[in-house]
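What follows is each chain in one-letter form.
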Amino acid sequence: MRWLFSFLVLALLGAVQALSSSGSRLLVVLEELAEKDKYSEFWDDLRGRSYTLSFESPKNDKLSIFKHGERAYDHLILFPPKTKGLGPSLTPKLLLEFLKKDGNVLLTLSADHPTPSAIVSLLLELDIHLPTDRNALVIDHFNYDTVSAGEKHDVLLVPAPKALRADVKNYFEVDGTIAVPRAVGQGLGNTTPHLAPILRAGSSAYSYNPKDEAEIVEDPFAVGEQLSLVSAMQARNSARFTVVGSVEMLQNEWFDAKIGAVGSKEQTTTANRAFAAKVSEWTFKETGVLKVGRLQHYLNEGKKNVNESAVGVPEHNPGIYRIKTDVSYTIEISEYTSTHLSPFVPPTADDVQLEFSMLSPFHRLSLTPLAQTANSTIFGTSFVLPDQHGIFNFRVNYKRPFLTSVDEKRQVTVRHFAHDEWPRSWNISAAWVWIGGIWVTVAGWIAFVALWLYSEGVEKGVKKTQ
Amino acid sequence: MATSPVDPLLKQLTGPNTRSLLRVIILLTIAAAAVSSRLFSVIRFESIIHEFDPWFNFRATKYLVQNGFYSFWDWFDDRTWHPLGRVTGGTLYPGLMVTSGIIYHVLRFLTFPVDIRNICVLLAPGFSGLTAFATYLLTNEMVTSPSAGLLAAAFMGITPGYISRSVAGSYDNEAIAIFLLVFTFFLWIKAVKLGSVFWGALTALFYGYMVSAWGGYVFITNLLPLHAFVLICMGRYSPRLYVSYTSWYALGTLASMQIPFVGFLPIRSSEHMSALGVFGLLQIVGFVEFVRNQLPSRQFQTLLRALVLVIFAVSFGGLVLLTVSGVIAPWTGRFYSLWDTGYAKIHIPIIASVSEHQPTAWPAFFFDLSMMIWLFPAGVYMCFRKLTDEQVFIVIYAVLASYFAGVMVRLMLTLTPIVCVASAIAFSQILDTYMSIDSPTPEVQANGTPASASVAAASAMLPDGLRSTRNPIVGIYSYTSKLTVVAASTVYLMLFVMHCTWVTSNAYSSPSVVLASRLPDGSQHIIDDYREAYYWLRQNTPENAKIMSWWDYGYQIGGMADRPTLVDNNTWNNTHIATVGKAMSSREEVSYPIMRQHEVDYVLVVFGGLLGYSGDDINKFLWMVRIAEGIWPDEVKERNFFTARGEYRVDDEATPTMKNSLMYKMSYYNYNALFPAGQAQDRVRNTRLPAEGPQLTTIEEAFTSENWIIRIYKVKDLDNFGRDHGSAVAFDKGNKKKRAHKRKGARTLRVE
Amino acid sequence: MRWLLLLTASLLPFTAIAAKKAPKDRYQDFRTKSLSSTPLKLDDASYTKLTQAPRDYAVVVLLTALETRFGCVLCREFQPEWELLAKSWTNGDKKGESRVFFGTLDFAEGRNTFQSLQLQTAPVILMFNPTTGANAKVDAQPSRFDFTAGPQSAESIHAWVSRHLPEGPKPAVSRPINYFKIVSVTTAILGLITLVTVTAPYIVPLLQNRNLWAAFSLIAVLLFTSGHMFNHIRKVPYVSGDGKGGISYFAGGFSNQFGMETQIIAAIYGVLSFATISLALKVPRISDPKAQSLAVFLWSGVIFGMYSFLMSVFRMKNGGYPFFLPPF
């Protein structure tokens, strides 16, 4: 079964011909194609990961990201336009539509030209905020690149990102420091759970517009860690949308630029190339993709259930249970990493949880990894159904930053005791009194009738009946 | 001589065969008439199940036929009352379904492959024929005149009061319950008369059947003890009474406790306590009678009488005490509202909201009973002539049932049989008197020896008769007077038949599933929106799509659309209904979480504004509000749906609460697109609607039936990008979001 | 502990507004007043004084119109319940831990208040939660109770008040035991028993009189079948005038009726059934042929006429009814 499954997945991958789990057609939108050579190494990386790139200019009016109502491309890289906006074929509405249809978007910003309002409003819809004045960029007077930005302090040196939280995997681990030149800082709204910063600015950074030579900045747009240089949005359908604050960090010159940190003499090369690779991998769903394999729940009583063995047994998910029975639940989750499916191991301090709920959860249990196959982990647990009949849901709702969301819901009916499932009366010791009473009455009645018939004369009895 | 009680019997002895043959033929024709007069609906429309409850019974019957009796008994229905489900097997009266199931299997056994639907549709008419026969038997027990029974059967067969619940297609419990009611009473009378355990056991048997068929069995449970009690009070205690009552009570209680829905009610709830009390009383009285016969000393008997009273009082007090302490359940709301008529309106809006629980105005009585309504008192009066035990029963039944029928429209059903019996007694009395050929000769009457003899006999028989029966019967002299009365009665009878037919065809034979309307040219036009919408649901929604609607339509959705519903006509869970009421009567922002929590996929509303169909949800809306207010008095307030001048309006003056309520929005969404601008007209409320209609954000229109009677909306999923629906819709409309950080106050920082 | 809390609660206003008359002693003197007589009888001045912010106590005010000239039946019905509630609450916490005042503002004293609140209807209950102190509510708007559901009992108002109050003692409504009623009932019962025992020889034949029972049950049947219960439940008017100054005895429409209408109908039924009884029982017992045939014609005529009149009345109620009998 498991083998078959993995074969199937592999065959699928072969068909798609890409490392991405969701297709290889990648569209790059940038205004003048002359610029594309500046990013050639980036393209090579992508081509190396077997994407088929196609470059289009937003001015091209034949450009369309949809064809016959379906996506014409799987992924999108948007370069910052120098003019007003991205044109009629890339309006915010269309881009959201693209995301709704599971397309992934990598949006790059640059502080050289003011960000067009279309993009600003698009980001606003996703609750990502840009500085009010369009020319603002991120300045840090403490960790800047001494080589390139000696006095302007607008090339930030940021260490490789750490894991966001203890219970979140880190997909952007690179060694070395990342140079972020002339970035547009983004502020992330903290209401939506879909947003997560990938690369934060240093604690001493702030957003500032060099055009107006103000001595002091009062009420900057955002400061310090609140400024996100590269931020990620993952929609409910786990379509991914990444904002890269500075397009320049993808250019060849910055891929292997020599940089010097403040206070240190020796010069190092940037880790931009690796970081760009990581970011694009994540954005185009090469990493952090969860797949749910076999999911089953079954009555855990009576005979030993055979479904745990991996041999091809048909899935056995009864639609109806009885209250207060012991039920087992297993779910098979595997994580896709750029070439293959591997067993998913949740980060330490995190659990995959199962809810058994009607209106509100009656059980919320953390699933324990029972077994591991070549490319998946089998989580499972078993519990006793509550003493409440109704229509319940087995629900695994596992949504974490940087991981595609897992929301598996199985509806089952939990019925009451049937008339013949109660203990028989003679098994209840308290009922013996009553049973005895019944039989005593019956015996007494029979004895009485016998006595009556014996004692009464026949013809008298006949008279009575008349 | 003309009609003395023994006269027909003598005649009967001469030609019994012809008479009985005639009687059988007459009864058969009556049954045929009864059945055929209930077929209007099938002829007009089609063989279809009617109204609301029948749809559930039909569904349950199908389940029974498919899955067998035991799985029906243990049926847990997971397609109603989502997500609570309903323990259906234990909370219904299975008699109806089991009956039609048995019929189905018998026909199968006889190799008649009849569709179960046709059995269900035609069950009620079939049983109405049996009811006529049972009425015949009952009446024959009451009076000696044989014509009374036939008349009563004929009355029972065609009286609208009974047809209203038993036309073809109204597949409801009453369909068989009325037959069982009448037949049980017949058996009871028989038992009291003969004092035989056999008939008492038969009574118990059919009583058990009745319990399994209809909640109205409580009427029998209280009427028979009352009869016994009155007889005891009249000093008419007899071993016959003792035997029949005790055998009925013991066996009948056991039988009724076999129904899961009834269970231990017969010994736990107040409705059944009278039967128990009379049972105990009978034991005491029987004991006293026994002792009295043994020792005739005067004082001892007074002592015993005192003893009886004391014991009775003590046990009564004990019952009251148990009721107060809660061991015995107090009167359930429905029954309590029969006595304290104001009770339901204040405490149980869900009962008060049902139209058939309203009191009865006098036209309804005349409408359902026509001429019998004034023959009825006469018949009751005649029962007082020689007040035998069974005639006492008639009197009690008459008074009680007319009270109940006055309080609740639907209880007209229990009144109808006794009306038929009583008026048949009265009418047959007249006919017997005036249709006897031979008339007395005055001179024989003059010296009047036989007359005086009969007087003596009468006065010997009844120490105190009615004033009107003091004088001896002499008969009618002139043929003209006979002819007048007979002709008049014939006219009345024909009028009665015409009335019944007219009422049946006009009032009682439309299945409220399919509406009929007359076009200007008088031709009939069928409005079939309900089925159109239900079949749309059946065809276009997933198998498990949860439908939210007001509870009136739950059974129909379950039956016709075969989709899970949140609430339905079996209103066992007031809170759940109130939840739906709250969702309907609140703002979208409040309703949406409720609908999400209950996994609602579609919302169905009934809107009559276009067609002028007055039974729509906006007119029922206040009940939803009231029921919701009963549970959430702070969140839903009925007052906010009335304007400052206390009017209930839907036009421009409607209160904001009304305009923002989900029900209002769903009813009038896009409605004014049908009309030229500003001309939108509601033909039920007869008002002009606001110029711009309501906007919906969390749900979207999925289906609207031909005449807009039913509108179905789909509940949107959460927004893909975590926005609230309002702003998502605003964005799709193309107006920009304003810069978010214009908001005042300290900026909230991200912690991660 | 609670005292400490109260102290802080009542001290807060000091710090808040030193200028205003501190609500603490306002609370105290109202407290003394209420201990003497509750609910407090208010007028415009004391109403504003009692309900002005800041308060560290809750106020429940009944705005009513007791005087007969306003003809507010509901007010007068509710007044004893209201006083019962207030008294039992005040006696319930002698130490005043719930810090609730009950006040009554009659329209006679409080016209300006009624106008300022734009009240068209009475009675109305307003509830002011404390604005300062431990359990203050943010919104200063008083929550309002309208008697839309008809007359209320003290318990229901108690439930409403305690729903709006923050946690704290909520003394239950204690109805005083009505000794007078008990005594009177017992005496009545005993008197009845003695009466029965004394007059038994005269009553028993009366009880056993068949005519009496017949009359009783016939009257009951006629009453019920003529829709008396409908009048009783729906409280329909006895008669109502038509537009032209006359009286309309019959209400239009199938499902509504007047009190007098039902009596007329009952009378018709009575006459009809009496005629039937006479035809069936009395007439065959008349020994004189002439009288008998006369009686037959008389009663048949009565039945015929009455029935046709009844049908005409029914046609009036139910438009489409096609059948009729000649005279009417």
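Residues numbered from 1 in each chain as written. Chains lettered and ligands numbered in written order. Predicted model: local features only at pLDDT ≥ 70, side-chain atom pairs only at ≥ 80, totals over all residues. Heavy atoms only, no water.

**Considering the overall build of chain A**
Phase 1 of the analysis: When helices and strands are tallied, chain A shows eight helices and 26 strands.
Phase 2 of the analysis: By its C-alpha atoms, chain A is 130 × 50 × 45 Å across when sized along the principal axes.
Phase 3 of the analysis: For chain A, the residues scored as buried account for 50% of the 466 residues in total.
Phase 4 of the analysis: Of the contacts formed within chain A by residues at least 6 apart in sequence, a portion of 72% connects residues at least 24 apart. (Helix = DSSP H or I, 4+ residues; strand = E, 2+ residues; numbered from the N terminus. Buried < 20%, exposed > 50% of the residue type's maximum accessible area, 1.4 Å probe, protein only. Contact = heavy atoms within 4.5 Å.)

**Comments concerning the domain arrangement of chain C**
Phase 1 of the analysis: Partitioning chain C into domains gives domain 1 (26-164) and domain 2 (209-317).
Phase 2 of the analysis: For domain 1 of chain C and domain 2 of chain C, the distance between their C-alpha centres works out to 53 Å. (Domains from an automatic or database assignment.)

**Thoughts on the UniProt feature "domain: OST48 middle" (unreviewed entry) in chain A**
Phase 1 of the analysis: Taking the numbering used here, the UniProt-annotated feature "domain: OST48 middle" (unreviewed entry) corresponds to residues 316-455 of chain A.
Phase 2 of the analysis: Along residues 316-455 of chain A one finds 17% helix and 47% strand; the C-alpha atoms at either end are 69 Å apart. (UniProt positions renumbered as here; feature names shortened; annotations may be inferred.)

**Brief notes about helix α29 (residues 588-597) of chain B**
Phase 1 of the analysis: All of the buried residues in α29(B) are B:Glu588, B:Ser591, B:Tyr592, B:Ile594 and B:Met595.
Phase 2 of the analysis: Of the residues one or two after α29(B), B:Glu599 is the one with positive phi, at around 60°.

**Quick notes on unusual backbone geometry**
Phase 1 of the analysis: Between B:His82 and B:Pro83 the backbone carries a cis peptide bond, its omega angle lying at 0°.
Phase 2 of the analysis: Positionally, B:Pro83 belongs in the loop between α4 (53-73) and α5 (95-109).
Phase 3 of the analysis: Phi at A:Ser50 takes a positive value of approximately 60°, unusual for a residue other than glycine.
Phase 4 of the analysis: Mapped onto the elements of the fold, A:Ser50 is located in the loop between α2 (40-48) and β2 (52-56).
Phase 5 of the analysis: For A:Ser50, a relative accessible area of 28% gives the class partly exposed.

**A few points about the sheet that holds strand β4 (residues 124-128) of chain C**
Residues and elements named next belong to chain C.
Phase 1 of the analysis: An order of β1-β3-β2-β4-β5 is seen for the five strands of this open sheet, with the pairing classed as mixed. Every other strand in the sheet has two partners, leaving β1 (40-42) and β5 (143-146) as the edge strands with one partner each. Averaged over all neighbouring strand pairs, the angle between strand axes comes to 25°, with direction disregarded.
Phase 2 of the analysis: Judged from the four bridges that link them, β4 and β5 form a sheet pairing that is antiparallel. Bridging from a neighbouring strand, Met127 pairs with Ser143 of β5. (Pairing = 2+ DSSP bridges. Axes fitted to C-alpha atoms, helices over the stretch in contact; angles between N-to-C directions.)

**Here we look at the confidence of the model for chain C**
Residue and element names in this part refer to chain C.
Phase 1 of the analysis: On average, residues of chain C score 80 in pLDDT, and 90% of them are at 70 or above.
Phase 2 of the analysis: Of the regions scoring below 50 in pLDDT, residues 11-21 engages in eleven contacts with residues more than four places distant in sequence or in other chains.
Phase 3 of the analysis: Overall fold confidence for the complex sits at a pTM of 0.82, while the interface term, ipTM, reaches 0.77. (pLDDT = per-residue confidence, 0-100.)

**Notes on the UniProt feature "transmembrane region" (unreviewed entry) in chain C**
Phase 1 of the analysis: Per the UniProt record, the feature "transmembrane region" (unreviewed entry) sits at residues 179-204, 211-230, 264-281 and 293-314 of chain C.
Phase 2 of the analysis: Span residues 264-281 of chain C is 100% helix and 0% strand, its end C-alpha atoms 25 Å apart.

**Brief notes about the environment of C:Pro80**
All names here are of chain C.
Phase 1 of the analysis: Within the secondary structure layout, Pro80 lies in helix α4 (residues 73-92).
Phase 2 of the analysis: For Pro80, a relative accessible area of 46% corresponds to the partly exposed category.
Phase 3 of the analysis: Measuring from C-alpha to C-alpha, the distance between Pro80 and Thr262 comes to 36 Å, with 182 residues separating the pair along the chain.

**Here's the deal with the sheet that holds strand β12 (residues 195-200) of chain A**
Residues and elements named next belong to chain A.
Phase 1 of the analysis: Spatially, β2-β1-β5-β6-β15-β14-β12 is the arrangement adopted by the seven strands of the open sheet, whose pairing is mixed. Because the sheet does not close on itself, it has two edges, and the strands there are β2 and β12. The mean angle between the axes of side-by-side strands here comes to 15°, regardless of whether they run parallel or antiparallel.
Phase 2 of the analysis: The pairing of strand β6 (residues 104-108) with strand β15 (residues 240-244) spans four bridges and is classified as parallel. Among the inter-strand pairings, Thr108 is bridged to a residue of β15, identified as Val244.

**Digging into the domain arrangement of chain A**
All names here are of chain A.
Phase 1 of the analysis: Each assigned domain of chain A is listed here: domain 1 (14-283) and domain 2 (289-417).
Phase 2 of the analysis: Computed from C-alpha atoms alone, the centre-to-centre distance between domain 1 and domain 2 is 37 Å.
Phase 3 of the analysis: Facing the 21 residues of domain 1 at the interface are 18 residues of domain 2.
Phase 4 of the analysis: Summing both partners gives a buried area of about 1600 Å² for domain 1 against domain 2, and 57% of it is carried by carbon and sulfur.
Phase 5 of the analysis: The interface formed by domain 1 and domain 2 contains one salt bridge.
Phase 6 of the analysis: For Glu335, the salt bridge identified is with Lys169, shortest N-O distance 2.9 Å.
Phase 7 of the analysis: Counting across the domain 1 and domain 2 interface gives seven residue pairs in polar contact (both at pLDDT 80 or more).
Phase 8 of the analysis: Mapped by element, the contributors of at least two residues to the side of domain 1 that touches domain 2 are β12 and β14 (228-234).
Phase 9 of the analysis: Per-element tally for the side of domain 1 that touches domain 2: the top contributor is β12, with three residues. (Buried area = accessible area lost by both parts, 1.4 Å probe. Salt bridge = Lys/Arg side-chain N within 4 Å of Asp/Glu carboxyl O. Polar contact = N/O pair within 3.5 Å; in protein donor to acceptor, adjacent residues only side chain to side chain.)

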